[in-house]
Amino acid sequence: MAALPSDAASAPPDRGATAPDAAATAIADRNVAQLTRGIWLRSITGLVLIAILATATFLILHDVLSINRSAATIVNISGRQRMLSQRAALFATRLVASRDEAERRTLRTELDRVTGLLLSSHEGLTRGSAALGLPATMSATMNTLYFGEPQPLDRQVRDYVEQLRALMRRIDQEPGAVPPELRAITAAASGPLLATLNQAVQQYEKESEAEVARAILYERIVYGVTLLALLLEAALIYRPLVDRVRRATERLVRQQQFSDRVVDTSQALIIGLDSAGRIALFNQHSQKVTGHAEAEVQGRDFLSTFLPPDMAADPAMEKLFLGGAGRGRTETPLRTRDGRTLTVEWSNAELRDPASGRTLLHLATGVDITQRKQAEQELQQALERTEALGSRLRQEVAHAAVLQRAMLPPPEIELPGLQGLARLTTSTEVGGDYYDHYAVDGRHAIFLIGDVSGHGVASGTLVSAAKMAVHQLASQGETDPAAMLEHLNEALLASSHDSMFMTLLCCSLDARTGRLRIANAGHAFPYYWLDAEQGWGMIEVEGLPLGRVREPAYASIAFDIQPGDRLFLYTDGLVEQEDGQRRAFGHEGLENLLYDHAAAAADTLLDRVFGALAAHAGREGFDDDVTAMCVTHMARVEGAPALPGRLAAARDLLQVEAAAVVEAGGLPAPVARQRVVATHASGALLPMLPALCEAGIRRVLPDDQPFLRELGWQALLDQHRLDGVDDLARWIAAPVDEAVWTFEHSSDKARAMAGLADWLDTQPDLPEGLRDIVVLMSDELIENGLYGAPVDATGGKLHHKGEVREVQPQEGLRLQLRRDGGRLGLSMSDRWGTFTPSIFLRRLALNAGQQGLEAGVGGAGLYLMWRMSDYMQVRVQPQRLTQITLLWSLQQLPDPERDAGFQFLYHHELGELPGSSTA
């Protein structure tokens, strides 16, 4: 072979693809394909052989196990036949000998069971049984034993079973006799049957041993075949496979050029450095990016060639690229041949000798990220501009928040007859909650609270529009809440977005009379504290939110409040605030706080509410705007009109003469009717009763009635103070006798009336005629409890009079009688609480206006109760309790012409709003 020229010998190899390279690659590909096919064919062949061996082994073993199991089962059952025949003979002997009836029944049952088992096992052995695991065929020897002459075992067993059954039938028919079958049974059990069964068991054992021997032979054959197959696989399949893999590996090692091509065609900078930092590998992409050829940079120092001078002299860079540090990604500048500076992200690695572990090459892989860095810089500049804009917007929002708070009135509320406090907290800088308060003409106190849907700047804009509209109303002197809401709705429709609306609660108090009017535009119902009854109630008044429809038709409700009464208004952010488990604060939590701090000052109450809300939320800020307002009616203002006649204050009551009310045509000033007591001194009360009822007076006490003076004038005046004591027990506290009847069915009325009549018959010294009056009143009270009190939500009767019905326990229907030395009392109570003052007064006035009872006029029972008792008292807690109490004096005869006192005590003033009661 000719020697190569020296310049050719020293030149670096050409990295381009040559014809020999292409041929070598094709040969390598063909060898790999052939190797792959050979591996697959031989592997599949080996797997098929293993599968055949495994299947054969499984089938042989399965057959062996089946034979063993069948043989064991046959031996076991045949042996059990022998045992069953002996047990049957024993039970038959004991059955014949026993004289105890219970024992005979037990033995008879056991004998029947053993006989059945004996026959079923025999059937399985002779005919086969899948349930018992017995084959349907038997050997010729066993077939001869069971069915051959002269004494086949099959006939012996069946004759034996028949003898047992004949014995049991004879025992059943002739209990005291000794059956002749017993002798045959005992003889067979100990004689020929036993011998034949023993012979069958021995034959089954021999056949089982033969089957086991055959199974052992099969196992040895399978073991030998398996060893031979494994040897053949090792010699014919796996050894040639190993040889081919070894040869293929050697060929793959010689094809190193494939990896060089991968390096050259990579789209990343791949630069190899030796231990001194000199360039030993420089791929084509590196040449393209930097502008340097590989020959130009081969052997040059990498740091000084491509990094800026200040960075090239930094020891940290040498450690980064050569010291094994910086295994992560690192960004550095990179100088190109034409003077440009790029930004490259490097990933460093080391190539080591597998045998010695010595570092062969430091490999730096880089990606040009210059364009990405430029985009990041532009993004950062955009973010800075956005931050500047956001800062300006925040300033503007902060200014808007300051302006919005400046528009709100002071939180301290000082209005005619009214004092209180409001508190507002927003979830964002600009909130959507709103409150306001102002006075009109020195006597009307106006206060409002509202909530715009959502929160933020858009909601704040709607709040501002509402504030402007309220300012116009204040300047116009409008005091009707419904009219105010109509005006506000028009204003918001003109300025709000279609998707936004506002709820608003508007209240107007006439401080001269205590008349409070309320209208609601979809806002949360306020709470009302009745100071005289020491209880909170919810004022349920409804209406559409503002800004939804053109003509929402708002309406006001009105009722009287007394000094000391207060209202608590709030937005829904308070009750809807959730804790970490998404549980809302809720109305229950608010009501508990209101009761716990009912007597506290407004600032203390609001502190407790907002403190509890923050504890519930687990933070100071809330998810929504929260506003609350607490106002108290402190006193009437001057100029309130006077009541007619003699008027004296008894604690919080007003006593007025009945005649003065009639002469004045009613009460000119709207006062709390429940707090007015009309007294009567002379003349007949009956003619004046319709006018008193028309005036709404529900408490009438003739002050010349001796029995009422005996009851105690102050005690009568204080009856509106609910203290939880039963009224009859209050008036007759120490009874000498009493009786109580409860009702579970309408038919219980007859039982109660009979018991009541019997009880009255046993009472000594009853005034003449009183017994019949009490019976009549009891009948009327029971009828009212059964059919008058139960009504539905619309006031309709649930039951018709005379209807047969069950009385539910929750109705609490209860009739009681009490007496002491001077009084007799009758009381009927239920838990419906549906009786209202308007019903009572209307029915009383109808009958009183007729100057007595008249057919076709409703309410005759109520009228009779008043006329035929010495004192009548009705107490109602709406939806909770109605109690009607009648009292008689035992010191005077009943007199229907005598004017009796009555009081109707209704413990929820709001329950008598217009339209809330039914006739």
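Residues numbered from 1 in each chain as written. Predicted model: local features only at pLDDT ≥ 70, side-chain atom pairs only at ≥ 80, totals over all residues. Heavy atoms only, no water.

> Can you lay out the overall build of the protein chain for me, pointing to particular residues and giving the numbers?
Looking only at helices and strands, the protein chain has 28 helices and 26 strands in total. By the burial criterion, 44% of the 919 residues in the protein chain qualify as buried. Within the protein chain, contacts between residues separated by at least 24 positions form 66% of all contacts whose residues are at least 6 apart in sequence. When the accessible area of the protein chain is evaluated, it comes to approximately 46,000 Å², of which 55% is carbon and sulfur surface. (Helix = DSSP H or I, 4+ residues; strand = E, 2+ residues; numbered from the N terminus. Buried < 20%, exposed > 50% of the residue type's maximum accessible area, 1.4 Å probe, protein only. Contact = heavy atoms within 4.5 Å. Areas by Shrake-Rupley, 256 points an atom, 1.4 Å probe, with all protein chains shown as cover.)

> Outline the sheet that holds strand β1 (residues 269–273), listing residues and values.
In spatial order, the strands read β2-β1-β5-β4-β3; together these five strands make up an open sheet with antiparallel pairing. Across the chains shown, the open sheet's two edge strands, defined by having one partner strand only, are β2 (279–282) and β3 (329–335). Mean inter-strand twist for the sheet, computed between neighbouring axes without regard to direction, equals 35 degrees. With five bridges connecting them, β1 and strand β5 (residues 359–368) associate as antiparallel partners. Bridge pairing links leucine 269 to glycine 366 in β5. (Pairing = 2+ DSSP bridges. Axes fitted to C-alpha atoms, helices over the stretch in contact; angles between N-to-C directions.)

> Help me get a handle on the state of the cysteines, residues and values and all.
Scanning all chains against the criterion turns up zero disulfides. A disulfide-free cysteine, cysteine 506 has its sulfur positioned 6.6 Å from the sulfur of cysteine 507, the nearest such atom. (Disulfide = S-S within 2.5 Å.)

> Lay out the pairing of strand β24 (residues 871–877) with the relevant residues and their values.
Among the seven residues of β24, seven are classified as buried, and the element is accordingly described as predominantly covered. In this structure, the hairpin formed by β24 and strand β25 (residues 881–889) is closed by a connection of three residues, where glutamine 879 is found at a positive phi of approximately 65 degrees. Here β24 runs beside strand β26 (residues 901–906); their pairing, made up of six bridges, is parallel. Following the sheet pairing, tyrosine 871 is matched in β26 by glycine 901.

> Go over helix α26 (residues 770–788), please, and point to the residues and values.
Its 19 residues place the ends of α26 25 Å apart at the C-alpha level, agreeing with the 27 Å of an ideal helix rising 1.5 Å per residue. Turning to α26, its buried residues number three or more, namely Leu770, Ile773, Val774, Met777, Ser778, Leu781, Ile782, Glu783, Gly785, Leu786 and Tyr787. Close packing links the buried residues of α26 with α25 (748–761), β22 (814–819), β23 (823–830), α28 (860–868) and β25. (Expected span 1.5 Å × (residues − 1).)

> I'd like a rundown of the sheet that holds strand β14 (residues 557–560), residues and numbers included.
Reading across the sheet, the five strands line up as β8-β9-β10-β11-β14 and stay open at both edges, with antiparallel pairing between neighbours. This sheet does not close on itself; its edge strands, each paired only once, are β8 (433–440) and β14. For this sheet, the mean inter-axis angle between neighbouring strands, taken without regard to orientation, is 15 degrees. As paired strands, strand β10 (residues 502–510) and strand β11 (residues 515–521) are joined by seven bridges and run antiparallel to one another. What sits directly across from aspartate 510, in β11, is arginine 515. Taken strand by strand, helix α16 (residues 481–495) contacts β8, β9 (444–452), β10 and β11, and its axis lies near 150 degrees from that of β10.

> So what's going on with the pattern of salt bridges? Which residues, and what values?
If you walk through the whole model with that rule in mind, you get 39 salt bridges. Salt-bridge contacts for arginine 127 lead to glutamate 123; the nearest nitrogen and oxygen are separated by 3.2 Å. Of the two residues, arginine 127 and glutamate 123 are both situated in helix α3 (residues 101–127); the distance of four residues between them amounts to about one turn of the helix. With a relative accessible area of 57%, arginine 127 lands in the exposed category. When salt bridges with common partners are traced through the structure, they connect Glu331, Glu345, Arg372, Lys373 and Glu376 into a single cluster. (Salt bridge = Lys/Arg side-chain N within 4 Å of Asp/Glu carboxyl O.)

> A description of the nonpolar core should follow, citing residues and the corresponding values.
If you look at the biggest cluster of nonpolar residues, it comprises 61 residues, and the most contacted ones within it are Ile697, Val774, Leu826, Phe835, Phe840, Trp866 and Met872. The element best represented in this core is α26, accounting for eight residues. Excluding residues that lie within four positions of it along the chain, phenylalanine 840 makes contacts with Phe835, Leu862, Met872, Val874, Phe902 and Phe904. (Core = buried A, V, L, I, M, F, W, Y, C linked by side-chain atoms within 4.5 Å.)

> Account for the environment of threonine 290, naming residues and giving values.
Structurally, the position occupied by threonine 290 is in helix α9 (residues 284–290). Threonine 290 sits in the buried class, given a relative accessible area of 2%. In the structure, threonine 290 is positioned 46 residues away from threonine 336 in sequence and 4.5 Å away in space, judged by C-alpha atoms. In this structure, threonine 290 is in contact with Leu269, Phe282, Phe306, Leu334, Thr336 and Arg337, ignoring residues within four places of it in sequence.

> Summarise the environment of glycine 291; cite the residues concerned and give the values.
Counting through the fold element by element, glycine 291 comes out in the loop between α9 and α10 (294–297). Here the alpha-carbon distance between glycine 291 and aspartate 338, two residues 47 residues apart in the chain, equals 7.3 Å. Every residue in contact with glycine 291, bar those within four places of it in the chain, is listed here: Ser286 and Arg337.

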